[in-house]
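Examining the three-dimensional arrangement
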Amino acid sequence: MLEHGAAPPTTPRPEPEPPAAGFGARLMRRKPVERLVAEGGQGEGGSLRRSLGMWQLTMISIGATLGTGIFVVLGEAVPDAGPAVIVSFVIAGLTALFSALSYAELAGTIPVSGSSYSYAYATMGELIAWICGWCLILEYGVSVAAVAVGWGEYLNELLDGTLGITVPDALSAPPGDGGIFNLPALLVVLLSMAFLLGGAKESARANTIMVVVKIAALVLFCAVAFTGIRAGNYTPFMPLGMAGVSAAGATLFFSYIGFDAASTAGEEAKNPQRDLPRAIMLSLVIVTALYCLVAAVAVGALPWKEFSGSEAALSGIMEDVTGQSFWAVLLAAGAVVAIASVVLTVLYGQTRILFAMSRDGLVPKVFSTVHPTTGVPRANTVIVSLFCGVLAAAIPLGQLADATSIGTLFAFALVNIAVIVLRRTRPTMERTFRVPLSPLFPVIGFALCLWMMGSLEVVTWVVFGVWMAVGLVLYFGYGMRRSRLATAEK
């Protein structure tokens, strides 16, 4: 019974549910840096193992970079730039340097496997992260295929010089280049897959040996080919003008993705905050110096017009200069080892990026399932290797190199933006490396990436547009709904 003047009891009302995030807000949802770092190494059924030191990280970076532009794509780039291909390497190297500074800062701040995909997720939101990750799949997957194609060319040089036999054209070139199926390209991808399935530490050890061999092979080339330099080969220095130089630089830029590969090892590094920035910068300096030196010697020893159509140019130069096949065979042997290490390390990077995207729910769980004994994402490695192997066996080299370049440049442009955004949104966050003169240097890096993208052919942009359209369909059809951030909101 109520006392006089007492208010009648009321049933407590439930607190109103927060309004559902709008469509735009879902696209822009960001993954906190602390959560990204806390989840480092965790996968379905097991975890990645932290077993890589600075030396191994640097070798991964050099392994993914050194050899691609020199052993393979030089024959594609020289006809565009002439002797000024040296300048093309410098331009591509400077473009890479500004982006590498941004990578170094973010790798030390957010040391995870996803590379620029994870950096974009923490700073610009899920949709941009997906676009970046999709570009990285193009960058890494197609790069593996492109390098594998060149490996087959040098394998034929080696077989011809030692055994007097070669793989028939029908089985050593893709359709459109006079063949049916590029068997050597598929073979080197499968061999790399076998190494990766053994574990990250074991793969890194094999890669280090291969890197030492490839550096020795390039130093040998410079020493021998230097005797064949003719001053007249450097004139005219820029026969196709600055447009040719920038076009060659854009093609060569995919040769500089090695430091990105090092950043994908963030969850398997012993001390990623300290070692990743150092490994990225050190590897870029070493690789750029060797690229420019070898290019200068190569175009001095062989008239630039004779590079056209050659995917094993250095081996041919050695034979022309010495008049003996022995040196060419020796270089071809070094190139076979060198290019195999590029395939190995870039394939490694591709699997780790998909691992991070899968852990976030944007691609199927099979890509983040880790074998409990080896600490390797086995299914991921096998699926990616088979895809890249078939791609290498069926697509011509030139188209692969340009497609890789545009994906790389787009991802690097986003990384430069991510540095600026994270500086503004999290200014007090601990950083083991800081980009000097920020935001000036990241802005320069961003502008250079856009400039080099503009130098690529229309057909490359069409391929890129189609690739991005397919990626957006997959995101809105699968990733947006399956995202772990999305499921946490329900």
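Summary of the structure given here.

Cut-offs used in this document
Residues numbered from 1 in each chain as written. Predicted model: local features only at pLDDT ≥ 70, side-chain atom pairs only at ≥ 80, totals over all residues. Heavy atoms only, no water. Helix = DSSP H or I, 4+ residues; strand = E, 2+ residues; numbered from the N terminus. Rg over C-alpha atoms; globule rule 2.2 N^0.38 Å. Buried < 20%, exposed > 50% of the residue type's maximum accessible area, 1.4 Å probe, protein only. Axes fitted to C-alpha atoms, helices over the stretch in contact; angles between N-to-C directions. Left-handed = near helix turned anticlockwise from the far one by under 90°. Contact = heavy atoms within 4.5 Å. Nonpolar A, V, L, I, M, F, W, Y, C, P; charged D, E, K, R; others polar. 1 Å grid on protein atoms, 1.4 Å probe; cavity = no way out; pocket = protein on both sides within 12 Å on 5 of 7 lines; lining within 4 Å. Points joined across faces, edges and corners; volume = space filled by probe spheres on them. Polar contact = N/O pair within 3.5 Å; in protein donor to acceptor, adjacent residues only side chain to side chain. Patch = residues over 30% accessible without salt bridge, like charges linked within 9 Å, V, L, I, M, F, W, Y side chains within 5 Å. Areas by Shrake-Rupley, 256 points an atom, 1.4 Å probe, with all protein chains shown as cover. Salt bridge = Lys/Arg side-chain N within 4 Å of Asp/Glu carboxyl O. Lys, Arg positive; Asp, Glu negative; His and termini not counted. Charge placed at Lys NZ, Arg CZ, Asp CG, Glu CD. Phe/Tyr/Trp six-rings, centres within 6.5 Å; stacked < 30°, edge-to-face > 60°.

**Quick word on the overall build of the protein chain**
Assigned secondary structure in the protein chain consists of 20 helices and two strands. Relative to the globule expectation of 23 Å for 490 residues, the C-alpha radius of gyration of the protein chain, 24 Å, shows essentially globular dimensions. With respect to the principal axes defined by its C-alpha atoms, the protein chain has extents near 115 × 45 × 40 Å. Each of the 490 residues in the protein chain was classed as buried or not, and the buried ones make up 59%.

**Observations concerning the packing of helix α10 (residues 200–225) against helix α14 (residues 313–322)**
At a minimum axis distance of 10 Å, the contact between α10 and α14 shows a crossing angle of 35 degrees. Here α10 runs over α14; the crossing is left-handed. Taking contact as the criterion, the partners of Leu218, Leu220, Phe221, Val224 and Ala225 in α10 are, on α14, Leu314, Ile317, Met318, Val321 and Thr322. Partitioned by chemical class, the residues of the contact of α10 with α14 number nine nonpolar, one polar and no charged.

**A word on empty space enclosed by the protein**
What the rule picks out here adds up to one cavity of 30 Å³ or more. Volume-wise, the largest cavity comes out at about 60 Å³. Together, Leu52, Ile60, Leu196, Ala200, Ser203, Ala204, Asn207, Leu344, Thr345 and Tyr348 line the largest cavity. For the lining of the largest cavity, the secondary structure elements donating two or more residues are α10 and α15 (325–359).

**A short note on the side chain of Ser483**
Following the sequence through the fold, Ser483 ends up in the loop between α19 (458–482) and α20 (484–489). Assessed through its relative accessible area of 0%, Ser483 is described here as buried. Looking at Ser483, its side chain comes within polar contact range of the main-chain nitrogen of Leu485, at 3.2 Å. Non-local contacts of Ser483, meaning those with residues more than four positions away in its chain, are made with Arg29, Tyr121, Glu126, Asp360, Gly361 and Leu362.

**Comments concerning a negative patch on the surface**
Negative charge collects at one region of the surface, where Asp160, Glu306, Glu319 and Asp320 lie side by side. Mapping Glu306 onto the fold places it in the loop between α13 (272–301) and α14.

**Here's the deal with the pattern of salt bridges**
As enumerated under the stated definition, the model contains eight salt bridges in all. With a closest N to O distance of 3.0 Å, Arg29 and Glu126 form a salt bridge. You can see Arg29 sitting in the loop between α1 (23–27) and α2 (33–38) and its partner Glu126 sitting in helix α7 (residues 126–162), a full 97 residues away along the chain. The residues Arg29 and Glu126 share a single accessibility class, namely buried. Between Glu267 and Arg359 there is a salt bridge whose closest N-O contact spans 2.7 Å.

**Re the packing of aromatic side chains**
Scanning the model with the defined rule gives twelve aromatic pairs in all. An angle of 15 degrees between the planes, with centres 4.4 Å apart, marks the rings of Trp134 and Trp467 as stacked. Here Trp467 lies in helix α19 and Trp134 lies in helix α7, a separation of 333 residues in the sequence. Look at Phe410 and Phe464: their rings are 5.6 Å apart centre to centre, the planes differ by 55 degrees, and that puts the pair in the tilted class.

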